Amino acid sequence: NIDSMIEYSSNSNYIVIGLTSKSYMPEVEEVNEILAEKYGEHFLDIRKYLLENGLSDAGITATAQDEIDINSGEIPSSLRYDEVHFNDYGYTIVGTQVYNKLISLGYIEE
């Protein structure tokens, strides 16, 4: 599906954003690795970023549940509204990282 969308757009300027929810897709790490290999610099592993930097970017001290989430490979609860959707903190971080990726790929200027 991703290839079809890229082909349909007839544009070489694109970003493929990785999947995030391990509870809905237990093989999320493997899928994201495949996407990273296939799309290279066009791939944004937002899941990895959120796991490693999300709480600090949001200025949030990890709760016990956040630690459990991170240790099990889930996005911290403090960054999510429910099992799949982000809250304001999570979406702000995602938006910022997409913006940074657009700049790093030269699609936009700061």
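This text goes with the structure placed above it.
Below is a short write-up of the structure. The residue numbering used here restarts from 1 in each chain and proceeds along that chain's sequence as written. Side-chain atom pairs in this predicted model are given and counted only at pLDDT of 80 or more, local residue features only at pLDDT of at least 70, and totals for whole chains, interfaces and linings cover all residues. Side-chain calculation: all heavy atoms of the structure are included, whereas hydrogens and water are not.

**Re helix H2 (residues 28-39)**
Note that an α-helix has 3.6 residues per turn; residues three or four places apart therefore point the same way.
So, point 1. If you check H2, its first and last C-alpha atoms are 16 Å apart, about what twelve residues at 1.5 Å a residue would give, namely 16 Å.
So, point 2. Where H2 is buried, its residues meet helix H1 (2-9), strand E1 (16-17), strand E2 (43-44) and helix H3 (46-58).
So, point 3. The secondary structure listing takes helices from DSSP runs of H or I that are at least 4 residues long and strands from runs of E that are at least 2 residues long, numbered from the N terminus. Where H2 terminates, the next one or two residues include Gly40, which has phi positive at roughly 50°. Each residue after the first adds 1.5 Å to the expected span of a helix. Here, two residues are considered to be in contact whenever any of their heavy atoms come within 4.5 Å of each other.

**Quick notes on the packing of aromatic side chains**
So, point 1. In summary, the pairing rule links any two rings of Phe, Tyr or Trp, Trp by its six-membered ring, whose centres are within 6.5 Å, and it sorts them by plane angle into stacked for under 30 degrees, edge-to-face for over 60 and tilted for everything else. Counted according to the given criterion, the structure contains two aromatic pairs.
So, point 2. Taken together, a centroid distance of 6.3 Å and an interplanar angle of 90° make the contact between Tyr14 and Tyr39 edge-to-face. Of this pair, Tyr14 sits in the loop between H1 and E1 while Tyr39 sits in helix H2, placing them 25 residues apart in sequence.
So, point 3. Relative accessibility decides the category of a residue: with a 1.4 Å probe and only protein chains considered, values under 20% of the type maximum give buried, values over 50% give exposed, and everything between is partly exposed. Judged by its relative accessible area of 7%, Tyr39 is buried.

**Let's talk about the nonpolar core**
So, point 1. Leu44, Ile46, Leu50, Leu51, Leu55, Ala58, Ile60, Ile75, Leu79, Phe86, Ile93 and Val94 form the largest nonpolar core, which has twelve residues in total.
So, point 2. The set of elements that each furnish at least two residues to this core consists of H3 and helix H5 (88-104).
So, point 3. Looking at this core element by element, the count peaks at five residues for H3.
So, point 4. The contact partners of Leu79, leaving out residues within four places of it in the chain, are Leu50, Gly54, Leu55, Ala58, Ile60, Phe86, Asn87, Tyr89, Gly90 and Ile93.
So, point 5. Ile6, Val16, Tyr39 and Phe43 belong to the second largest nonpolar core, which has five residues in total. For our purposes a nonpolar core is just a set of buried Ala, Val, Leu, Ile, Met, Phe, Trp, Tyr and Cys residues, chained together by side-chain atoms within 4.5 Å.

**Examining the pattern of salt bridges**
So, point 1. The rule for a salt bridge is simple: a side-chain nitrogen of Lys or Arg has to be within 4 Å of a carboxyl oxygen of Asp or Glu. Scanning all chains against the criterion turns up four salt bridges.
So, point 2. For Lys38, the salt bridge is made with Asp3, and the minimal N-O distance between the two is 2.5 Å. In this pair, Lys38 is assigned in helix H2 and Asp3 in helix H1, connecting sequence segments 35 residues apart.
So, point 3. Close ionic contact of Arg80 with Asp69 constitutes a salt bridge, the shortest N to O distance being 3.3 Å.

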